[in-house]
Amino acid sequence: LGIELIKRPAHLAGDEATVCAVVQDTIDRSRSLHEVVVILYACCPVRPVDLVDQAIEMLVRTGADSVQSYTSVGSCHPMWMSRIDEEGRVEPFIPNAVDRRQDLPPLHVVNGGIIVARREQIMAADGSDPHAFLGTDRRAITLEPGEVIDIDSASDLKVATLLIEHGQYRARRVS
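To keep things clear, this report deals only with the structure shown in the data block. (Residues numbered from 1 in each chain as written. Predicted model: local features only at pLDDT ≥ 70, side-chain atom pairs only at ≥ 80, totals over all residues. Heavy atoms only, no water.)

**Comments concerning the overall build of the protein chain**
Here is step 1 of the chain: The helix and strand tally for the protein chain stands at four helices and six strands.
Here is step 2 of the chain: The 175 residues of the protein chain split such that 30% are buried.
Here is step 3 of the chain: Long-range contacts, defined as pairs at least 24 residues apart, comprise 71% of the intrachain contacts of the protein chain with a sequence gap of at least 6.
Here is step 4 of the chain: Accessible surface, the protein chain as shown: approximately 11500 Å² in total, 54% of it carbon and sulfur.
Here is step 5 of the chain: Charged side chains of the protein chain number 18 positive and 26 negative; the gap between the two group centres comes to 5 Å. (Helix = DSSP H or I, 4+ residues; strand = E, 2+ residues; numbered from the N terminus. Buried < 20%, exposed > 50% of the residue type's maximum accessible area, 1.4 Å probe, protein only. Contact = heavy atoms within 4.5 Å. Areas by Shrake-Rupley, 256 points an atom, 1.4 Å probe, with all protein chains shown as cover. Lys, Arg positive; Asp, Glu negative; His and termini not counted. Charge placed at Lys NZ, Arg CZ, Asp CG, Glu CD.)

Take a look at the structure:
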């Protein structure tokens, strides 16, 4: 298929390696001169099948520095989060009077489905800010909960395996 495999050097293969450092090293050692870099995390094997095309299209159409996929935080909203002390006392993380989920302000979290960024933006990042490689004009593709499965636990792996085995995740046109 013409795919070039580039293995990480040992110093970029541990828990401390940043995405930016790994991608910069890969670009440095690659023979590719493509202007757009697509980052797909191996721990996210379930994503809409057209997500790559949609993210690249958004990057090109908008002229943004990067595009990343997000999901609504839903009922895990920070306004509903609490601190609990050693004796079980509850204190709101953000004091508020919001009682219904529908009244929470829209808020999203990165879901790991995709990052698409411009090569020049990635290479210009100096490492002082781990997100600098995303640039200043960052765009989002919003996905529904469950459209991306980020495997962080045994139950995530089971869900992803079931979805893949049964073909239950479908392509959709991302808007």
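Still to come is the rest of the account.
**What to know about a nonpolar patch on the surface**
Here is step 1 of the chain: A grouping of Met81, Phe93 and Ile94 is seen on the molecular surface, where their side chains present a nonpolar patch of about 250 Å² in accessible area.
Here is step 2 of the chain: Within the secondary structure layout, Ile94 lies in the loop between strand E4 (90-92) and strand E5 (108-118). (Patch = residues over 30% accessible without salt bridge, like charges linked within 9 Å, V, L, I, M, F, W, Y side chains within 5 Å. Salt bridge = Lys/Arg side-chain N within 4 Å of Asp/Glu carboxyl O.)

**Things to note about the environment of Tyr41**
Here is step 1 of the chain: Secondary-structure assignment places Tyr41 in the loop between strand E1 (36-39) and helix H2 (51-62).
Here is step 2 of the chain: Looking at Tyr41, the relative accessible area reads 27%, which means it is partly exposed.
Here is step 3 of the chain: Linking Tyr41 and Gly112, residues 71 residues apart in sequence, is a C-alpha distance of 6.8 Å.
Here is step 4 of the chain: Apart from residues lying up to four places away in sequence, Tyr41 is in contact with Val19, Arg47, Gly112 and Ile115.

**Looking at the pairing of E1**
Here is step 1 of the chain: The alternating pattern of E1 places Val37 and Ile39 on a buried face, while none of Val36 and Val38, on the opposite face, is buried.
Here is step 2 of the chain: Direction of pairing for E1 relative to E5: antiparallel, over a ladder of four bridges. The residue bridging Val37 from the neighbouring strand is Ala117, located in E5. (Pairing = 2+ DSSP bridges.)

**Some remarks on helix H4 (residues 154-166)**
Here is step 1 of the chain: For H4, with 13 residues, the first-to-last C-alpha span of 18 Å sits near the 18 Å given by 1.5 Å per residue.
Here is step 2 of the chain: Backbone geometry just after H4 places Gly167 at a positive phi near 55°. (Expected span 1.5 Å × (residues − 1).)

**Quick notes on the sheet that holds E1**
Here is step 1 of the chain: Across the sheet, four strands lie side by side as E1-E5-E2-E6; this open sheet has mixed pairing. Since the sheet does not close on itself, it has two edges, and those belong to E1 and strand E6 (138-143), each with one partner. Taken over all neighbouring pairs, the strand axes of this sheet differ in orientation by 30° on average, direction set aside.
Here is step 2 of the chain: On top of the sheet, H2 reaches E1, strand E2 (66-72), E5 and E6; it is set at about 65° to E5, its chief contact. (Axes fitted to C-alpha atoms, helices over the stretch in contact; angles between N-to-C directions.)

**Regarding the side chain of Thr71**
Here is step 1 of the chain: Along the chain, Thr71 falls in strand E2.
Here is step 2 of the chain: When its relative accessible area of 12% is taken as the criterion, Thr71 is described as buried.
Here is step 3 of the chain: Separated by 2.8 Å, the side chains of Thr71 and Asn111 make a polar contact. (Polar contact = N/O pair within 3.5 Å; in protein donor to acceptor, adjacent residues only side chain to side chain.)

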